[in-house]
Amino acid sequence: MFVVWRVLLLGACACICLPAQTHGALVISRRDALTQTTKAAMVIRSIKKRSTNSEKVEVYSVQVACTASSRFAHTAMTSKVLNKDNSSQEIFFEVDLPKTAFITNFSMETEGRVYVGEVKEKEKAKEQYEKAVSSGQTAGLIKASGRKMEKFSVSVNIAAKSSVTFILTYEELLQRKLGSYEILTRVKTEQPVQEFQIQTDIYEPQGIAFVEATATFLSNELLPLVDQTVTDTKAHISFSPTVGQQQKCPGCESSLINGDFIIKYDVKRTTSLGEVQAMNGYFVHFFSPPDLAGVPKNVMFVIDRSGSMKGEKMEQTREAMVAILQDLHEEDHFGILLFNDTIESWKNYLTKATKGNVFNAISYIRKINDSGTTDINNAILDAVRLLRKEREKKKVLERSMDMIFLLTDGMPTSGVSNPQIIQQNVLSATGGNMSLFGLGFGNDVDYSFLDVMCRQNKGMARRIFVGSDAAIQLKGFYEEVSTPLLLEVDLRYSDNTDFLTKTHYSQLFNGSEIVVAGQLNENDMDNFLLEVVAQGPKENFMAQGKASVADWQTVYPEKEYIFGDFIERMWAYLTIQQQLEKSDLRTEQERKNITAKALNMSLKYNFVTPLTSMVVTKPETEDGADSSVIADKLTESQRQEAERHLAGAHASPAVSSHGLPEVDGDPHFMIKIPDRNDALCFNINDKPGTIFSLVRDPKSGFVVNGQLIGKKKVVQDGNMNTYFGRFGITHQKLGVRLDVSTQDISVFYNNKQVKLLWSDATSLKDTDMELRLAKNCSLTVMLRHSVKFMIIRHTKVWKRHHDHQDYLGFYTLDSQHLSASVHGLLGQFYNGAAFELTDLRPGEAQEKLDATMYVKGQTISVTRHWQKDFSKDVKNGESVPCWFVDNDGRGLIDGAASDYIVSDLFLAV
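Think of each chain on its own: its residues are numbered from 1, step by step along the sequence as written. Whole-chain, interface and lining totals are the exception, using all residues; otherwise, since this is a predicted model, local features are given only for residues with pLDDT of at least 70 and side-chain atom pairs are given and counted only at 80 or more. Computation of side-chain values: all heavy atoms of the structure, hydrogens and water removed.

## Regarding the overall build of the protein chain
So, step 1. The helix count covers DSSP runs of H or I at least four residues long, the strand count covers runs of E at least two residues long, and both are numbered beginning at the N terminus. A tally of helices and strands in the protein chain yields 13 helices and 53 strands.
So, step 2. The rule is simple: take the accessible area with a 1.4 Å probe, protein chains only, and divide by the maximum for that residue type; under 20% is buried, over 50% is exposed, in between is partly exposed. Relative to its 909 residues, the protein chain shows a buried fraction of 59%.
So, step 3. Any two residues whose heavy atoms approach within 4.5 Å at even a single point are treated as in contact. Sequence separation of 24 or more characterises 71% of the internal contacts of the protein chain that already satisfy a separation of 6 or more.
So, step 4. Carbon and sulfur atoms make up 46% of the accessible area of the protein chain, which totals about 36,600 Å². Method for areas: the Shrake-Rupley scheme with a 1.4 Å probe, in which residue coverage is limited to the protein chains shown.

See below:
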């Protein structure tokens with residue numbers, strides 16, 4: 001578990017200040033797939049209504065209290081804020097919490113009243129959501145926050161001379177990785193806090209092996225403030241500096257508490273059966289036997305070397321692969337396969353991991369070139385064939401594990417591009433006898449596709465975030481799964497058990513742990529028997545017998561329960577988590593049954609899961625108005641949902657109208673994302689006469705190029721706005737070509753030419769094409785089994801200069817049947833745009849909002865803008881909010897704008 005806590009005061013001009021809410025309902029909902037990491041953080045911001053003196057609002061206390069009992073952690077985050085002003089203030093409360101956690105409660109206490117959350121079915125909270133959206137209220141929201149967290153935020157109005165106390169609680173099962181559990185508290189206090197405390201209590205009945213507490217900001221003066229008390233089965237760690245100890249210097253207003261507070265611990269492991277703990281009719285079994293030898297492995301490293309991997313990604317891949325190859329054991333066998341739209345193998349057989357072979361492999365890795373598209377299907381199938389051939393020829397040990405490590409930064413764009421078909425092909429090829437581990441590099445990867453495919457084949461996927469530490473992330477994931485200890489682990493229990501969580505695991509890795517929980521039909525542990533059977537490196541592993549069960553009243557006589565019926569809640573947590581994870585692998589009817597079970601348990605145990613929402617009634621404000629608000633997540637799950645949508649689009653490319661990229665104005669590019677009710681936009685300008693590649697689909701031969709024009713009169717103010725004045729459109733397979741300018745339209749089809757004027761109102765219909773021209777307004781073209789688009793003709797008048805300018809806008813209405821390899825300034829977005837927003841903040845321009853965006857492996861700054869969309873209202877247009885990317889769309893588009901310049905209006909490449 002990672003826990004992050006930040007406290008920050010912002011000034012009165014913060015543009016993300018939200019409208020005052022009264023009798024509102026805050027809906028905390030969760031739709032993210034459960035992932036591996038655990039972090040949390042909190043930010044308190046004061047946003048003034050009348051006063052601009054930040055001293056009038058004080059964050060009085062910040063407390064994090066974590067209780068970890070038998071690896072199940074209950075965390076409460078509490079902060080008290082005082083409004084010392086004579087007028088009311090709007091306070092913004094933000095918390096970054098773990099993606100693996102289930103929120104169990106959120107409450108606010110102010111003026112003697114407590115407002116407590118209630119967990120409801122997500123659908124039943126829909127009315128509040130729709131009301132919030134229709135009224136423009138967004139006082140609470142949950143969104144992505146960096147790599148491993150999700151941010152919950154809400155504003156609340158505090159009356160003059162009053163205070164508010166926020167409390168957020170969540171629960172989660174700590175995961176053992178590389179031999180330890182980790183609790184990481186990220187602390188960032190801009191100013192000293194009167195009451196500051198981080199406190200962790202650990203209760204482990206089987207005994208604590210070690211506890212380590214440290215922090216990146218600890219100086220010699222602060223080190224003694226870390227209070228650590230450890231007994232055989234308990235540990236208490238606290239950090240509580242005074243105001244003076246938090247200050248960077250005597251009398252300074254800034255705080256030196258800025259960094260990570262880290263606790264690592266592990267438990268004692270003495271028996272091959274593992275440890276069992278029980279309470280009130282529920283049990284949990286922890287299995288990670290000590291002193292096991294590793295199972296030899298046969299590894300195929302399948303590395304994407306397509307053009308998108310060029311530069312830093314490939315450099316970091318090389319760096320990580322060097323470290324990974326050096327960590328191979330001599331009894332291991334390995335191979336390397338590089339792929340783009342072609343496949344290249346280092347050797348056509350597996351190589352034993354001797355020092356000499358590893359040295360030669362490293363030399364090969366350092367010479368990788370990057371270019372071309374991405375053929376994931378053939379790359380994995382080639383790796384499977386090589387592993388199967390070596391096993392059939394008995395070139396590898398019989399008791400060894402076949403593993404494939406796939407590293408890619410993109411979606412399949414060459415060969416078989418349908419993700420579902422690739423998943424079927426891979427599962428059929430492996431026959432369930434190999435483990436596939438996918439490392440998705442950057443934000444442009446189709447992560448949900450990788451995740452499902454890996455889980456179908458006894459493996460797992462991990463997103464690798466582009467950054468300076470990407471090589472460390474790659475190596476770290478490999479280390480987690482590089483040493484299998486047991487294969488095909490079956491855990492069996494007495495007949496008096498029921499409703500068990502997952503009892504079969506394909507592997508047990510060194511430094512990890514298997515956890516099984518269940519109910520007891522009879523609350524009788526005297527006859528509780530268990531058996532574990534698995535494949536070991538030389539012989540089968542078998543352990544059976546009567547379980548040793550911890551007696552909580554004996555181990556902890558002063559505590560009847562650590563925090564309620566936590567073993568029952570741990571069982572519920574595991575059951576819900578595993579039900580949600582396996583729902584992706586089932587049929588539609590099975591998925592409905594699984595979802596219904598998970599929903600009922602989420603409601604029963606008050607968990608905010610992907611199926612539920614938490615509704616919190618908010619205090620009334622001065623005007624007595626009534627409103628509802630929604631807190632929704634914009635996290636990894638939403639990115640995965642967008643990617644899942646893309647996977648569906650590849651299988652059946654029909655796209656809803658007005659949901660695709662467009663370009664209009666001088667020139668404004670906009671990409672609307674219907675699933676997220678949002679849009680991205682950027683401008684590109686160049687000299688009049690420049691021709692840009694807008695759409696290019698090499699498979700169908702559909703090409704759209706656009707030529708810029710400038711103002712008729714060049715004014716002295718130095719502004720040279722340009723617009724699209726001519727489009728060249730070709731579809732090679734259908735034999736269609738259109739030349740559309742501001743004056744006329746030339747249509748070439750079936751070896752004949754038709755010339756139309758914008759003043760006409762006509763239609764043309766052919767076997768492969770339908771064309772409709774609205775007088776002086778728009779041209780709509782539908783190409784059979786291909787694409788539908790609209791070109792709008794505008795006339796802009798500059799009254800100041802007594803000048804007018806005709807120009808064109810291009811709108812894609814439907815991209816049906818275009819291939820996954822479609823590209824161009826517009827075409828690259830036909831398959832969607834996966835992005836993540838974080839760090840919303842006041843912009844430099846008044847009433848504008850800035851944010852940080854993670855998109856296509858890049859981190860860029862964006863600003864909230866409004867753009868005109870004329871696809872529905874050709875005359876007046878519709879104002880659409882979008883996130884604007886500066887610098888000619890750099891970071892959002894592939895490459896630079898200049899890369900899309902072509903020499904001819906009808907050039908196909």
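## A look at the nonpolar core
So, step 1. Residues belong to a common nonpolar core when they are buried Ala, Val, Leu, Ile, Met, Phe, Trp, Tyr or Cys residues joined through side-chain atoms within 4.5 Å. Counting residues in each nonpolar core, the largest one holds 58 residues, and the members touching the most others are L694 and F810.
So, step 2. Considering every element that reaches this core, the biggest residue donor is strand β50 (residues 849–855), with four residues.
So, step 3. When neighbours within four sequence positions are excluded, L694 is seen to be in contact with V663, F669, V704, N705, G706, F724, F727, H823, G824, L825, L826 and G827.
So, step 4. Within the second largest apolar cluster, 39 residues are counted, among which are V299, V358, L439 and L474.

## Quick word on the pairing of strand β25 (residues 435–441)
So, step 1. Burial analysis of β25 places seven of its seven residues in the buried class, which makes it a mostly covered element.
So, step 2. Covered by surrounding structure in β25 are S435, F437, L439 and F441 together with L436, G438 and G440, the residues of both alternating faces.
So, step 3. By this definition, two strands are paired if DSSP reports at least two bridges between them. Where strand β24 (residues 401–408) lies against β25, six bridges are found, and the strand directions are parallel. Residue pairing in the sheet places L407 in a bridge with L439 of β25.
So, step 4. We call a crossover right-handed when, viewed with both strands directed away from the observer, the connection leading from the first strand over the helix to the second proceeds clockwise. For the handedness criterion, the β-α-β arrangement of β24, helix α6 (residues 419–430) and β25 is classed as right-handed.
So, step 5. One ladder, built from four bridges, connects β25 with strand β26 (residues 461–464); its direction is parallel. Residue G438 lies in a different strand from β26, and its bridge partner there is A461.

## Details of the state of the cysteines
So, step 1. Criterion for a disulfide: a pair of cysteine sulfur atoms within 2.5 Å. With the rule as written, the count across this model stands at two disulfides.
So, step 2. Between C249 and C252 runs a disulfide, and the two sulfur atoms are separated by 1.4 Å.
So, step 3. Accessibility expressed as a relative area gives 33% for C249, which makes it partly exposed.
So, step 4. Assessed through its relative accessible area of 18%, C252 is described here as buried.
So, step 5. Note that C681 is cross-linked by a disulfide to C882, the S-S spacing being 2.0 Å. Between C681 and C882, the disulfide has an S-S torsion of 65° and is therefore right-handed. Within this pair, whereas C681 is found in strand β37 (residues 678–683), its partner C882 is found in strand β52 (residues 878–885), the two being separated by 201 residues in sequence. For the pair C681 and C882, a shared accessibility class is recorded, and that class is buried.

## Regarding the sheet that holds strand β33 (residues 549–550)
So, step 1. The sheet built from five strands is open, its strands ordered β28-β30-β19-β18-β33 with mixed pairing. At either margin of the open sheet sits one strand with a lone partner, and together these are β28 (497–498) and β33.
So, step 2. Relative to strand β30 (residues 514–520), strand β19 (residues 282–287) runs antiparallel, the two sharing six bridges. Of the residues in β30, the one forming a bridge with F283 is G518.
So, step 3. Only C-alpha atoms enter the line fits that serve as axes; for helices the fit covers just the stretch in contact. Angles between N-to-C directions range over 0 to 180 degrees. Against the sheet, helix α10 (residues 566–583) engages β18 (275–279), β19 and β30, with an angle of about 65° to β19.

## Brief notes about the packing of aromatic side chains
So, step 1. For Phe, Tyr and Trp, where Trp contributes only its six-membered ring, two rings pair if their centres lie within 6.5 Å, and the inter-plane angle classes them as stacked under 30 degrees, edge-to-face over 60, or tilted in between. Taken as a whole and assessed by the stated rule, the structure comprises 31 aromatic pairs.
So, step 2. With centroids separated by 5.1 Å and ring planes inclined at 35°, the aromatic side chains of Y181 and Y265 adopt a geometry described as tilted. You can see Y181 sitting in strand β12 (residues 181–189) and its partner Y265 sitting in strand β17 (residues 258–267), a full 84 residues away along the chain. An identical accessibility class is assigned to Y181 and Y265; each is buried.
So, step 3. Between F196 and F239 the ring centres are 6.4 Å apart and the planes differ by 85°, which places this aromatic pair in the edge-to-face class. Residue F196 is found in strand β13 (residues 195–203), and its partner F239 is found in strand β16 (residues 234–239); the two are separated by 43 residues along the sequence.

## Notes on the packing of α10 against helix α11 (residues 588–604)
So, step 1. The N-to-C vectors of α10 and α11 enclose an angle of 155°; their axes lie 9 Å apart at closest approach. One finds that α10 runs roughly antiparallel with respect to α11. Note on packing geometry: the crossing formed by α10 with α11 is left-handed. Note on element contacts: α11 touches α10 through R591, I594, K597, A598, M601 and S602, opposite W571, A572, T575, I576, Q579, L580, K582 and S583.
So, step 2. Residue polarity follows a fixed list, in which Ala, Val, Leu, Ile, Met, Phe, Trp, Tyr, Cys and Pro are nonpolar, Asp, Glu, Lys and Arg are charged, and the others, Gly among them, are polar. When the residues that make up the contact of α10 with α11 are grouped by side-chain class, the tally is seven nonpolar, four polar and three charged. What sets the label is the angle itself: under 35 degrees gives roughly parallel, over 145 gives roughly antiparallel, 65 to 115 gives roughly perpendicular, and the rest give oblique. Helix crossings get a hand from a simple test, with the near helix turned counterclockwise from the far one by less than a right angle marking a left-handed crossing and a clockwise turn marking a right-handed one.

## Observations concerning the environment of L660
So, step 1. Checked against the element boundaries, L660 lands in the loop between α12 (636–651) and β35 (662–664).
So, step 2. Along the backbone, L660 and G832 are 172 residues apart, and their C-alpha atoms lie at a distance of 8.0 Å.

## Digging into the pattern of salt bridges
So, step 1. The salt bridge criterion pairs a side-chain nitrogen of Lys or Arg with a carboxyl oxygen of Asp or Glu, the two atoms within 4 Å. Evaluated as defined, the whole model comprises 27 salt bridges.
So, step 2. The partner of R391 in a salt bridge is D402, and the shortest N-O contact between them spans 2.8 Å. Taken as a pair, R391 in helix α5 (residues 376–392) and D402 in strand β24 lie far apart in primary sequence, 11 residues in all.
So, step 3. Classification of R391 by relative accessible area gives partly exposed; the value is 28%.
So, step 4. Through salt bridges with shared partners, a single ionic network connects R71, R176, E204, D266, R269 and E513.

## Looking at the side chain of S512
So, step 1. Position of S512 among the secondary structure elements: in the loop between β29 (504–509) and β30.
So, step 2. A distance of 2.6 Å separates a polar atom in the side chain of S512 from the backbone oxygen of F509.
So, step 3. For S512, the contacting residues outside a window of four places in its chain are R176 and S288. We call two N or O atoms a polar contact when they sit within 3.5 Å, provided that within protein one can donate a hydrogen and the other can accept it, with sequence-adjacent residues counted only if both atoms are side-chain atoms.

## Observations concerning unusual backbone geometry
So, step 1. The phi dihedral of R71 falls on the positive side, at around 70°, and the residue is not glycine.
So, step 2. Assignment of secondary structure puts R71 in the loop between β4 (57–69) and β5 (72–83).
So, step 3. Residue K458 is not a glycine yet carries a positive backbone phi of 60°.
So, step 4. Positionally, K458 belongs in the loop between α7 (447–456) and β26.
So, step 5. For K458, a relative accessible area of 24% puts it in the partly exposed group.

## Here's the deal with the confidence of the model for the protein chain
So, step 1. When pLDDT is averaged along the protein chain, the result is 80; 82% of the residues meet or exceed 70.
So, step 2. Scored below 50 in pLDDT, residues 132–141 makes 30 contacts in the model with residues more than four places away or belonging to other chains.
So, step 3. Across residues 622–659, where pLDDT falls below 50, the model places 132 contacts with residues more than four positions away in sequence or in other chains. Residue-level confidence of the predictor is what pLDDT reports, using numbers from 0 through 100.

## So, the environment of A361
So, step 1. Mapped onto the elements, A361 comes out in helix α4 (residues 355–365).
So, step 2. Linking A361 and G335, residues 26 residues apart in sequence, is a C-alpha distance of 8.8 Å.
So, step 3. Excluding residues that lie within four positions of it along the chain, A361 makes contacts with L325, F334, I336 and W346.

## A look at α4
So, step 1. Regarding α4, the residues found buried are V358, A361, I362, Y364 and I365. Within α4, the buried residues cover an arc of 160° as seen down the axis, which keeps them to one side.
So, step 2. The inward-facing, buried residues of α4 abut β20 (297–304), α3 (312–326), β21 (333–339) and β22 (343–345). The directions from the helix axis to the C-beta atoms form the arc being described.

## A short note on the sheet that holds strand β31 (residues 529–535)
So, step 1. With respect to topology, four strands assemble into an open sheet ordered β29-β27-β31-β32, the strand pairing being antiparallel. Taken across any chain shown, the strands that pair with only one partner, and hence form the sheet edges, are β29 and β32 (540–546). Neighbour to neighbour, the strand axes of the sheet diverge by 25° on average, direction disregarded.

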